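# Per-entry structural report
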Amino acid sequence: MDLKELRSEIDVIDDELVRLFGKRMDIAAQIADYKKENGLPILVPAREREKLADVAEKAGPEMANYTRVLYSMLFELSRSYQSKRTSTLTQLYHDITASIEHTPKLFPQQAMVACQGVEGAYSQIACEKIFKSPFIMYFKNFEGVFSAIDKGLCQYGILPIENSTAGSVKKVYDLMISHNFSIVRTFRMKVDHNLLVNKGTKLADIKEIYSHEQAINQCSEFLQTLPGVTVTAVANTAVASEMVAKSGRKDVAALSSRACAELYGLSCLKPSVQDKDNNHTRFICIAKNLEIYPGADKTSIMMILPHKPGALYKVMARLYTLGINVTKLESRPIPDREFEFMFYFDLETSIYSEEFVQLMCELDELCEEFKYLGSYSEVV
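As the structure is a prediction and not an experimental result, all values here were calculated from the model.

Thresholds, definitions, all that
Residues numbered from 1 in each chain as written. Predicted model: local features only at pLDDT ≥ 70, side-chain atom pairs only at ≥ 80, totals over all residues. Heavy atoms only, no water. Pairing = 2+ DSSP bridges. Helix = DSSP H or I, 4+ residues; strand = E, 2+ residues; numbered from the N terminus. Right-handed = clockwise from strand over helix to strand, strands pointing away. Axes fitted to C-alpha atoms, helices over the stretch in contact; angles between N-to-C directions. Parallel < 35°, antiparallel > 145°, perpendicular 65-115°, else oblique. Contact = heavy atoms within 4.5 Å. Nonpolar A, V, L, I, M, F, W, Y, C, P; charged D, E, K, R; others polar. Salt bridge = Lys/Arg side-chain N within 4 Å of Asp/Glu carboxyl O. Buried < 20%, exposed > 50% of the residue type's maximum accessible area, 1.4 Å probe, protein only. Phe/Tyr/Trp six-rings, centres within 6.5 Å; stacked < 30°, edge-to-face > 60°. pLDDT = per-residue confidence, 0-100. Core = buried A, V, L, I, M, F, W, Y, C linked by side-chain atoms within 4.5 Å.

Pairing analysis gives 5 bridges linking strand S1 (residues 112-116) to strand S2 (residues 135-139), with the strands arranged parallel. Paired with Ala-114 across the two strands is Met-137, which belongs to S2. Between the parallel pair S1 and S2, the chain is carried across by helix H5 (residues 122-130), and the sense of this crossover is right-handed.

Structure follows, in structure tokens:
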């Protein structure tokens, strides 16, 4: 039998599979209606386990695992379809709808904004890209930015969340677990790190370099070319520049932005020393209350999932079923809870889409706990 004939046979089988799939989903819908009328849960774990074991046994040893995967996806499709028929609009959905209605149509031009670091920090640069005329209040650490939002000292806060080279800013993710806030906008900024020194300093003079740990990671290849030089992590790249300027010494340097060179009267000894030229940092803009501005097409959530095999798969399968793209997945250990993790998701979906509404009404059944962090658009 040649390839064309084999493909023809596959087509015949696929036609039958599509017909049977439609019939199965129709019966699943009838089951959903019955469960809704009788107050029964959509998911019955024992029934699902029995069914998976049964089909795996019928498939035989060679096809058992393939069959389990196929039916696991079928079950997710059925549950999604059933939930769509039976779910009622949740309080979260009503909160989101109210926020869309009451949030101003124009993003604020002026605001009191919390940033970590000092004048010249990348957070300040990001802040001035997000807001036209911000009033900036600086804090020593990321905790200070979250606290400023919690206490109402500032309306908004700017925080780095990930870098294309060095990865996630884990401290920010850890703080996100313990604070209540809403992401209202994000900004992706190209980052250039430069070796800044006091005037007259030569490369051979340098004994110590200051910078933030993320910048140090992003410039690791350059730093390896400087044997014997001590690299010291400080709170912020701008703080590093300030330290060098105030010291007046010619044996120290900072990895920082060009803006800091002008701001602190330093010379740029080596420009763009990061490992990769395509080096971007993503910043989030947070607020205390839920604000959703027009054009929001990204959503962030955090979930605590059951500590058992397949828990994350079920969430990913449901998102796949809804056609929602996952652009970021980060896991962080939950403080004081052994071997339990909070999963952070960035999702691409318009707040006006049917899939978004369905997801917001199904989050409860997907995990043990969840935290909706907001829907927003990204400034480029």
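That shown, we press on.
The subject of this paragraph is the packing of helix H3 (residues 64-86) against helix H13 (residues 354-366). With their axes 10 Å apart at the nearest point, H3 and H13 run at an angle of 100° to one another. Classified by the interaxial angle, the pair formed by H3 and H13 is roughly perpendicular. Contact residues: Ser-80, Ser-83 and Lys-84 in H3; Glu-354, Gln-358, Glu-362 and Glu-365 in H13. Grouping the amino acids of the contact of H3 with H13 by side-chain chemistry returns no nonpolar, 3 polar and 4 charged.

Further remarks concern the pattern of salt bridges. Evaluated as defined, the whole model comprises 20 salt bridges. Where Asp-54 meets Lys-58, a salt bridge forms, and the shortest distance between an N and an O atom there is 3.1 Å. In this pair, Asp-54 and Lys-58 both sit in helix H2 (residues 45-59), 4 residues apart, roughly one turn of the helix. Looking at Lys-58, the relative accessible area reads 67%, which means it is exposed. Here Glu-76 makes a salt bridge to Arg-318, at a shortest N to O gap of 3.2 Å. Of this pair, Glu-76 sits in helix H3 while Arg-318 sits in helix H12 (residues 311-322), placing them 242 residues apart in sequence. With relative accessibility at 2%, the residue Glu-76 sits in the buried group. Of the residues examined, Arg-318 reaches a relative accessible area of 1% and is grouped as buried.

What follows deals with the packing of aromatic side chains. The description of an aromatic ring pair uses the distance of the two centres, along with the angle that the planes make with each other. Counted according to the given criterion, the structure contains 7 aromatic pairs. For the pair Phe-146 and Phe-181, a centre-to-centre distance of 5.5 Å together with 70° between the ring planes defines the contact as edge-to-face. With a gap of 35 residues between them, Phe-146 in helix H6 (residues 142-150) and Phe-181 in the loop between helix H7 (170-178) and strand S5 (182-190) connect regions that are remote in the sequence. By relative accessible area, Phe-181 is classed as buried at 7%.

Another aspect to go through is the confidence of the model for the protein chain. Looking at the protein chain as a whole, its pLDDT mean stands at 92, while 100% of the residues score no less than 70. Confidence, expressed as mean pLDDT per element, reaches its minimum in the protein chain at H13 with 86 and its maximum at strand S7 (residues 208-211) with 98.

Phe-146, Leu-159, Met-176, Ile-183, Ile-286 and Tyr-344 are the most contacted members of the largest nonpolar core, which totals 27 residues. Going through the elements one at a time, H6, strand S3 (156-163), H7, strand S11 (280-287), strand S12 (298-304), strand S14 (341-348) and strand S15 (369-376) are the ones with two or more residues in this core. Tyr-344 has contacts with Ile-161, Tyr-173, Met-176, Ile-183, Ser-300, Ile-301, Met-302, Lys-328, Leu-329, Glu-330 and Leu-373, leaving out every residue within four places of it along the chain. Ile-324, Phe-356, Met-360 and Tyr-372 belong to the second-largest nonpolar core, a separate cluster that totals 24 residues.

In this section: the sheet that holds S7. Strand order across the open sheet formed by 5 strands is S8-S7-S9-S6-S10, with mixed pairing between neighbours. Looking at which strands have only one partner, the edges of the open sheet turn out to be strand S8 (230-233) and strand S10 (267-270). Sheet twist, expressed as the average angle between the axes of neighbouring strands with direction ignored, equals 35°. Examined bridge by bridge, S7 and S8 share 4 bridges and lie parallel to one another. From the neighbouring strand, Glu-208 faces S8, where its bridge partner is Thr-230. Against the sheet, helix H10 (residues 237-247) touches strand S6 (194-197), S7 and strand S9 (252-256), its axis set at about 155° to S9.

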